[in-house]
Structure formats: structure tokens, C-alpha cells
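Coordinate inspection notes
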Amino acid sequence: MSTPRFLDLPPGVASQKIETPQGTFAVLEAVPVSGVIERWPALLVPGLTGSKEDFLAVLMTLAQSGRRVVVVDLRGQYETPGPDDPGAYTCAALGSDIDTLAQVVGGGEPVHLVGHSFGGLVAREAVIDGVTKFASFTLMSSGPGPIEGRRARNARTITEEVPALGLEHLWHHRFEPEALAGDVSDDIREFLHRRLISNSPTGLARMAEQVLTMRDRTDELRQIEVPTLVLYGEHDDGWPPEAQSDMAARLGADSVVVPGAVHSPAVEAPETTAAALVRFWNSAEKHYLDTRSTAV
């Protein structure tokens, strides 16, 4: 469970709804507080039990690099509604949503795509399906195949308990004890509770099943011509750091290890994470422009 450390919206960040042909999505949108939007936009995708608020600590810094930054609640996640059909929550179906959102957010411009944890698996589907040409792709704390270790056990708990016992049971027996043990403040704990029970139970259980069974698509991703970054905490407890390092090598991708971070670098080390993303995005844009200039 990714736990934001504050909930107040930073300057330049606003809560919005984005209408698309595939439905309405709740987002946080960040724009520069000073200066103008002169760079390509970015679309950020949260993890399984997370939400758009997981990126609050990095949004203002990312936007100040001169771009519009949008982070979305996936279909059935927190403030974005979803159906009771389990088929709507496969990585492929959710990836199709990301394609549609990227086209709306970009408005004709290439979009930088970032997926955190399960969101990385979803975003990877959007990159591989070839429907949208992305400016760059970042896998943040997201590995090549099924999640591992403690987080895999948590995902199995979701698949077993949510359909049978419901979201309130999951909160009281799993998430609330974790929040209390972590000395999470009352207001953040209240938010975590509200966020969890606002999820589609069908969606959450199906997404958990997906993160446990997702096959390795690294070789397919490598065939896509898109600048790629693999960014993860040095103590990641979802996918082992060595597995993410190996994935980066297989992709021929840039790799950033965030010192001191575990599974949520945007929360645990926001300045380091934001700086790495801005540096990578700017480099990807420069490479695109240089390539285009050479081609002309």
C-alpha cells in the first residue's frame, strides 16, 4: 500500500475529470506555477492499491519543468468508476484506457508515460499494443513478470478475501493494522480507508490476480522504439532490485536506483525521483528532435 505523506494539493495542481470515448477518469493535473508549458506532457499511472495521490509529492516539481502532468485513477480505482465485469480489469483492457487517455492528454503531441508497480504492467500493455506512439516510457518499481515476496502474499490475500469477505474486512484485518503499525496520521489513515472502500471490489480482485500471473513481456517491449527508463528503490520489496536491473539490461534501457527508497520512490524520495524523471524526459525530447533534424 503506497501511503502519501500529505493530501493538500500543491500550487499548480488541481483535481479534474477527463472525458474520453472509454469513460470519465478522475485525475490530478499539474501545470507550471510560473513560466509556460513548452515541453511534452506526461501521464502517470498508479499501482494496485494506490491512486493518483501517490504522486502528489512530485507533481509540482515535474510540472515546473515546463509541462502539463496528469496522474489518473485507473478504471474502478478510487474516484474513477468501473463496471462489475472482471474483463474490464485485465492489463490489456486497462492499457487500452491508457491509450485513450494519452491521446486526449497529448492532444496531438507525444506523451511521456510512467507506470508505478502494477501501473507499470498496465502502461507496458499500452506501449506494446502500438496504438499510441509515446515520447518515453518509465517503469517505476515495476518488474518483468509476476510480483514477488511480501507484496505477492498481499495480492493473494486480496484475490481470496475481497470476493468472499469484502473491502471493509480487508481494511480492518490487513490495511488498518499496517497503517497503525506505521504510525500513519489520522487524516492519512482516514484517506487510505476511504480510498480502499471506494475501489470496485471486482476490479481490485481482478487486478490483484493480474499482478500475480502477468507473463514476462520484456522481449516484446524491446521491439518497440521508445526511450525507456527503469527506476526503482534500492530496497524494493515488490520485484527484487536485481530483477529490475536485469530487465533494464535486456531492454537496453536507462536505469536509476533511488537510494533509501523501497517500493514507492515518488513518496519515499520525491526530489530524487522527480529529478530523474525530468532529466530522462528532457533527454528523450532532445533525442527525438535531433533524430528528426538529421532525417530532414
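Residues numbered from 1 in each chain as written. Predicted model: local features only at pLDDT ≥ 70, side-chain atom pairs only at ≥ 80, totals over all residues. Heavy atoms only, no water.

1. A word on the pattern of salt bridges
Considering all chains together, one arrives at 18 salt bridges under this definition. Arg151 is the salt-bridge partner of Asp237, the closest N and O atoms lying 2.6 Å from each other. Here Arg151 lies in helix H4 (residues 149-165) and Asp237 lies in the loop between strand E7 (228-233) and helix H9 (241-251), a separation of 86 residues in the sequence. Residue Asp237 is classed as partly exposed on the basis of its relative accessible area, which comes to 23%. What makes Arg151 buried here is its relative accessible area of 16%. Between Asp216 and Arg250 there is a salt bridge, with its nearest N and O atoms 2.9 Å apart. Here Arg250 lies in helix H9 and Asp216 lies in the loop between helix H7 (201-213) and helix H8 (218-222), a separation of 34 residues in the sequence. A relative accessible area of 35% means that Asp216 is categorised as partly exposed. Within this structure, Lys52, Glu53, Asp73 and Glu79 form a network of salt bridges that share partners. (Salt bridge = Lys/Arg side-chain N within 4 Å of Asp/Glu carboxyl O. Helix = DSSP H or I, 4+ residues; strand = E, 2+ residues; numbered from the N terminus. Buried < 20%, exposed > 50% of the residue type's maximum accessible area, 1.4 Å probe, protein only.)

2. With respect to empty space enclosed by the protein
Following the criterion strictly, the structure yields one cavity of 30 Å³ or more and no others. What the largest cavity holds in volume is close to 40 Å³. Ser2, Asp54, Phe55, His116, Met140, Ser264, Pro265, Ala266 and Val267 together form the lining of the largest cavity. In terms of residues, the lining of the largest cavity owes the most to one element, helix H10 (residues 265-268), which gives three residues. Split by residue class, the lining of the largest cavity holds five nonpolar, three polar and one charged. (1 Å grid on protein atoms, 1.4 Å probe; cavity = no way out; pocket = protein on both sides within 12 Å on 5 of 7 lines; lining within 4 Å. Points joined across faces, edges and corners; volume = space filled by probe spheres on them. Nonpolar A, V, L, I, M, F, W, Y, C, P; charged D, E, K, R; others polar.)

The quantities given are spatial measurements derived from coordinates; they are silent on function.
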